Amino acid sequence: MKKKWSIIISILVVVIMGFIIFTLNKEIKEETSGIPGYEDAGIDKLPKDERERLPQDWQTTTEPDKPGLDKGDVAPDFELTTLGGDTVKLSDYRGKTVMLNFWASWCPPCRSEMPHMDSYYTDNKETDNMEILAVNMTKTEKNKVESAKEFVDEYKLSFPILLDKDSEVMKMYQIKVYPTSYIINEEGIITDKLMLPLDDKMIKQLIEESKAE
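What you see is a predicted model, and the numbers here were worked out from it, not measured in a lab.

Peer 1: So what exactly am I meant to see when it comes to the overall build of the protein here?
Peer 2: Per the secondary structure count, the protein includes seven helices and seven strands. Secondary structure of the protein in N-to-C order comes out as α-α-α-β-β-β-α-β-α-β-α-β-β-α. Across the 213 residues in the protein, those meeting the buried criterion constitute 37%.

Dropping the structure here:
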């Protein structure tokens, strides 16, 4: 008999608690339904400086979890071989601001921007904690890797040249215009996409703006 009453009391407690929670949620929803922005009150909506003041384990919810190609998306990761024979991933450079540039030796605007890119890179790569990754669209080159090598030697480029031999990364990043550059911040987030040749002053401004976001 005592066991039976114990079960009944337990059931009643669960029912009562459920009713209380339902009632409280209903009241909160009614009270906040007219407050602008309440529906966006997640941690990921806070300004960056406010998020950084939160405990570290709270901040993990602010990390975007889906890659994409729009501003604010995590840049899709990839792996390519450099002209020097090293294998690198985009994610290897997390913690640095990255200018991800797509180019080909037959592209006149690419030729016009490359000296500016190298000038900026030489002067600022250390102080700006940044990297330029120049993805050669190798499959489109007349002499494939040799065309890329001749171009790099001609312009004496000092930043890493990545070889997209099968156009996989070109397709991943939906490259339709040459050159195209993505600016990616230290957290791996896209802050800008540009489909035009850049000079060193424009690059510096984009890198600085990326760090400010």
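Peer 1: How do you make sense of the packing of aromatic side chains when you look at a structure like this?
Peer 2: Each aromatic ring pair is characterised by the separation of its centres together with the angle its planes make. With the rule as written, the count across this model stands at seven aromatic pairs. With centroids separated by 6.0 Å and ring planes inclined at 90 degrees, the aromatic side chains of F78 and Y173 adopt a geometry described as edge-to-face. Taken together, the residues span a long stretch of sequence, with F78 in the loop between α3 (56–59) and β1 (79–82) and Y173 in the loop between α6 (168–172) and β6 (180–184) at a distance of 95 residues. Across the pair, exposure class does not vary: F78 and Y173 are buried alike. Seen from their ring centres, Y121 and F159 are 5.8 Å apart, and the 85 degrees between their planes marks the pair as edge-to-face. Of the two residues, Y121 sits in helix α4 (residues 108–124) while F159 sits in the loop between α5 (145–155) and β5 (161–163), which places them 38 residues apart along the sequence. Through successive ring pairs, a cluster of aromatic residues spans F78, F102, Y173 and Y182.

Peer 1: Would you mind going over the state of the cysteines with me for this structure?
Peer 2: Covalent bonding between the sulfur atoms of two cysteines defines a disulfide. Here the structure, examined in full by the defined rule, presents one disulfide. Paired through a disulfide, C107 and C110 show a sulfur-sulfur distance of 2.5 Å. Between C107 and C110, the S-S torsion sits near 80 degrees, and that sign places the bridge as right-handed. C110 shares its class with C107; the two are buried.

Peer 1: What is the right way to look at the sheet that holds strand β2 (residues 87–89) in this model?
Peer 2: Within a beta sheet, neighbouring strands are joined by backbone hydrogen bonds and run either parallel or antiparallel to one another. The mixed open sheet is built from seven strands, whose spatial order is β2-β1-β5-β4-β3-β6-β7. The two strands at the open ends of the sheet, each matched to only one other strand, are β2 and β7 (190–194). Between one strand axis and the next, the sheet turns through 30 degrees on average, direction left out of account. Pairing of strand β3 (residues 97–103) with β6, which is carried by five bridges, proceeds in the antiparallel orientation. Its bridge partner lying in β6, L100 is registered against Y182. α5 contacts β3, β4 (130–136) and β5 of the sheet and is inclined by roughly 170 degrees relative to β5.

Peer 1: Please explain the nonpolar core as it appears in this structure.
Peer 2: One recurring pattern in soluble globular proteins: nonpolar side chains tend to sit buried together. Counting residues in each nonpolar core, the largest one holds 24 residues, and the members touching the most others are W103, M114 and F159. Secondary structure elements with two or more residues in this core: β3, α4, β4, α5, β5 and α7 (200–212). Per-element tally for this core: the top contributor is α4, with five residues. With 22 residues, the next largest nonpolar core counts L69, A75, L80 and I184 among its residues.

Peer 1: For this particular structure, what's the right way to read the packing of α4 against α5?
Peer 2: When two helices pack together, their arrangement is given by the angle between their axes and by how far apart the axes lie. Orientation of α4 relative to α5, taken along the N-to-C sense of each, is 50 degrees, at an axis distance of 11 Å. The angle between the axes of α4 and α5 places the two elements in the oblique class. Crossing angle aside, the handedness with which α4 passes α5 is right-handed. In contact with R111, M114 and P115 of α4, α5 contributes F151, E154 and Y155. When its residues are assigned to classes, the contact of α4 with α5 shows four nonpolar, no polar and two charged.

Cut-offs used in this document
- Residues numbered from 1 in each chain as written.
- Predicted model: local features only at pLDDT ≥ 70, side-chain atom pairs only at ≥ 80, totals over all residues.
- Heavy atoms only, no water.
- Helix = DSSP H or I, 4+ residues; strand = E, 2+ residues; numbered from the N terminus.
- Buried < 20%, exposed > 50% of the residue type's maximum accessible area, 1.4 Å probe, protein only.
- Phe/Tyr/Trp six-rings, centres within 6.5 Å; stacked < 30°, edge-to-face > 60°.
- Disulfide = S-S within 2.5 Å.
- Pairing = 2+ DSSP bridges.
- Axes fitted to C-alpha atoms, helices over the stretch in contact; angles between N-to-C directions.
- Contact = heavy atoms within 4.5 Å.
- Core = buried A, V, L, I, M, F, W, Y, C linked by side-chain atoms within 4.5 Å.
- Parallel < 35°, antiparallel > 145°, perpendicular 65-115°, else oblique.
- Left-handed = near helix turned anticlockwise from the far one by under 90°.
- Nonpolar A, V, L, I, M, F, W, Y, C, P; charged D, E, K, R; others polar.

From the geometry alone we can't say anything about function, so treat these as descriptive.
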